[in-house]
Amino acid sequence: RYEPTWGSLDARPLPAWFDEAKFGVFIHWGVFSVPSFGSEWFWWYWQKEKREPYVKFMEANYPPGFSYEDFGPLFTAEFFDPNQWADILKASGAKYVVLTSKHHEGFTLWGSEYSWNWNAVDVGPKRDLVAELATSVRNRTGLHFGLYHSLFEWFNPLFLEDATNVFKTRKFPTSKSLPELYEIVTRYQPEIIWSDGDGNAPDTYWNSTGFLAWLYNESPVRDTVVTNDRWGAGSICTHGGFYTCSDRYNPGHLLPHKWENCMTIDKRSWGYRRNAQLDDYLTIEDLVKQLVETVSCGGNLLMNIGPTHDGRIAVIFEERLRQMGAWLKVNGEAIYGTKPWRAQNDTLTPQVWYTFSPEGSKVNAIFLNWPVSGTLELGEPQAKLGETQVKLIGYKELLKWVALGEKGMAIALPQLTPKQLPCQWGWTLQLTDVN
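Residues numbered from 1 in each chain as written. Predicted model: local features only at pLDDT ≥ 70, side-chain atom pairs only at ≥ 80, totals over all residues. Heavy atoms only, no water.

The protein chain has the name alpha-L-fucosidase in an unreviewed UniProt entry, where Chordeiles acutipennis is given as its organism. Per UniProt, the protein chain carries the Subunit (unreviewed entry) text "Homotetramer." We quote the UniProt Sequence similarities (unreviewed entry) comment for the protein chain here in full: "Belongs to the glycosyl hydrolase 29 family." (UniProt positions renumbered as here; feature names shortened; annotations may be inferred.)

## Considerations on the side chain of E380
Within the fold, E380 resides in the loop between β10 (375-378) and β11 (389-392). Separated by 3.2 Å, the side chains of E380 and T347 make a polar contact. Setting aside residues up to four positions removed in sequence, E380 forms contacts with W341, R342, A343, N345, D346, T347, Y354 and K407. (Helix = DSSP H or I, 4+ residues; strand = E, 2+ residues; numbered from the N terminus. Polar contact = N/O pair within 3.5 Å; in protein donor to acceptor, adjacent residues only side chain to side chain. Contact = heavy atoms within 4.5 Å.)

## What to know about the UniProt feature "domain: Alpha-L-fucosidase C-terminal" (unreviewed entry) in the protein chain
The sites that UniProt annotates as "domain: Alpha-L-fucosidase C-terminal" (unreviewed entry) are residues 344-432. Within the segment residues 344-432, helix and strand shares are 0% and 37% respectively, and the terminal C-alpha atoms sit 17 Å apart.

## Observations concerning the layout of surface pockets
Its boundaries defined by the atoms lining it, the largest pocket holds a volume of some 200 Å³. Every residue along the wall of the largest pocket is listed here: W41, W44, K48, H104, F152, W154, F155, F159, L160, D196, G197 and G199. Elements that contribute at least two residues to the lining of the largest pocket include exactly α3 (42-48) and α7 (157-164). A class-by-class count of the residues in the lining of the largest pocket yields 7 nonpolar, 3 polar and 2 charged. (1 Å grid on protein atoms, 1.4 Å probe; cavity = no way out; pocket = protein on both sides within 12 Å on 5 of 7 lines; lining within 4 Å. Points joined across faces, edges and corners; volume = space filled by probe spheres on them. Nonpolar A, V, L, I, M, F, W, Y, C, P; charged D, E, K, R; others polar.)

## Thoughts on the environment of W44
Note on placement: W44 falls in helix α3. When sequence neighbours within four positions are dropped, the list of residues in contact with W44 reads E49, W154 and F155.

## Topic: the sheet that holds strand β12 (residues 401-403)
If you walk across this open sheet you meet the 3 strands as β10-β13-β12, and the pairing is antiparallel. Single-partner strands in this sheet number two, and they are β10 and β12. Averaged over all pairs of adjacent strands, the angle between their axes in this sheet comes to 15°, without regard to strand direction. Where β12 meets strand β13 (residues 409-412), 3 bridges bridge the pair, whose relative direction is antiparallel. Across the sheet, residue V402 finds its bridge partner in β13, namely A410. (Pairing = 2+ DSSP bridges. Axes fitted to C-alpha atoms, helices over the stretch in contact; angles between N-to-C directions.)

## Some words on the pairing of β13
Relative to β13, β10 runs antiparallel, the two being bridged by 4 bridges. Residue L378 lies in a different strand from β13, and its bridge partner there is M409. In sequence, β12 turns back onto β13 through a hairpin of 5 residues, with G405 there showing a positive phi of about 60°.

## Some details on the sheet that holds strand β14 (residues 427-432)
The 4 strands are arranged β8-β9-β14-β11 in an open sheet whose pairing can be described as antiparallel. A strand with exactly one partner marks an edge of an open sheet, and here the two such strands are β8 (352-357) and β11. Geometrically, the sheet is characterised by an average inter-axis angle of 25° between neighbouring strands, direction not taken into account. As paired strands, β8 and strand β9 (residues 362-367) are joined by 6 bridges and run antiparallel to one another. Residue pairing in the sheet places T355 in a bridge with N364 of β9. Each of β8 and β9 is contacted by helix α11 (residues 284-296), which is oriented at about 50° to β8, the strand it contacts most.

## Considering the UniProt feature "site: May be important for catalysis" (unreviewed entry) in the protein chain
Here, the residues flagged by UniProt with the feature "site: May be important for catalysis" (unreviewed entry) are C262. Position of C262 relative to the elements: it lies in strand β6 (residues 259-264). C262 has contacts with F26, W194, R230, S246, D247, R248, Y249, W270 and L302, leaving out every residue within four places of it along the chain.

## A word on the pattern of salt bridges
Oppositely charged side chains can form a pair if their charged atoms are brought close together. Counted according to the given criterion, the structure contains 25 salt bridges. One salt bridge in this structure joins R273 and D280, with 2.9 Å as the shortest N-O distance. Judged by relative accessible area, R273 falls into the buried class, the value being 6%. Judged by its relative accessible area of 9%, D280 is buried. One salt-bridge network, held together by shared partners, links D19, K22, K258 and K339. (Salt bridge = Lys/Arg side-chain N within 4 Å of Asp/Glu carboxyl O. Buried < 20%, exposed > 50% of the residue type's maximum accessible area, 1.4 Å probe, protein only.)

## Some remarks on the nonpolar core
Ranked by internal contacts, the top residues of the largest apolar core, which has 125 residues, are I27, L215, M324, W327 and L429. Shared between two domains, this core takes at least three residues from each, and those domains are domain 1 (6-334) and domain 2 (339-432). The contacts of L215, once residues within four sequence positions are left out, are V185, I193, V221, R222, V225 and T227. Counting 14 residues, the second largest nonpolar core, distinct from the first, contains A21, Y96, V98 and W270. (Core = buried A, V, L, I, M, F, W, Y, C linked by side-chain atoms within 4.5 Å. Domains from an automatic or database assignment.)

Below you can see the structure in the form of structure tokens.
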């Protein structure tokens, strides 16, 4: 049994499926998808920080006295088809999905009894969006279903009262935040609880260790559930399950603890933005690079999309997800279930990243630029004459190579037309019998 202490909870081994999965999709959806302007932090930037673009946007487009709460009924989700979402998620090659069940605005995407009249069943879609997506994902895909949940809420009077009392009172977590967490776990049995938003309050205020002890000991998902590290001020990158450390975290070197790089296809926002320009979206080349760098350094990539208020996954997001799936269809064996190799990237040629497949003891060298010369030089592998074999994933013949001194090898790539290439945006060489 796990005790409600970090010492005990941090000793829990991470369920193996999470490390093997490598790639997940994050979905930021909520009332912020209605103004769909600037950022999912719209309410805070407009009301609290009174940032000029947000104030002007409201003055120009909404009547005086219009409140953020008035966006609630406009969150309509009339085009939300959970089966279609599930099919897109499956096509992306992702092995898990994390949906924002509640962001810092406090609006729950399920009919929470602790979020009276500020949830998707009472207001707006009048639908349990969490239940619908969970059902479709489980019926149509093999993906693990996860939920993001914000501990704090920007403008909840109970939270503001506790904050004024320097968190000596605990009205908000006991009546709102914790009951919601127990509710989503019991009701939807998510295999990931992606916590966020500590409001500068310590984990003792949130009773995070108490909740996690219940989650790991008694909850219906106790054996399979994974959690992140955002459980109160000071816990990030220190306590919990896998580490996120910061948004868009990509250290570029091997870490001793399992970690996740959560990042967004839209460089400027997690929620949908109607005012986004094409240049604001990462290209598929950018995304493949992020995936390969992250996995070679022992991390998972959690790639975010923001659906529209009416429930659509914008075609640009769908295209990026399907492109990622097309790339993984060819190169998945160099990603899923791999372990970091002794070198993460090559010393001789830039933009070459390594992973190791324990099955068959294969070293995977993923290269993002096809060399003009037709020869790829690798500084890291130690090849063995007459034993080492080199294969380009998706191409039948074995490739010819020569050793470069003590360490390193030069590999002759096949001369292929663009149509003959096994894939685009990055290729994998599989090396067997190397030191």
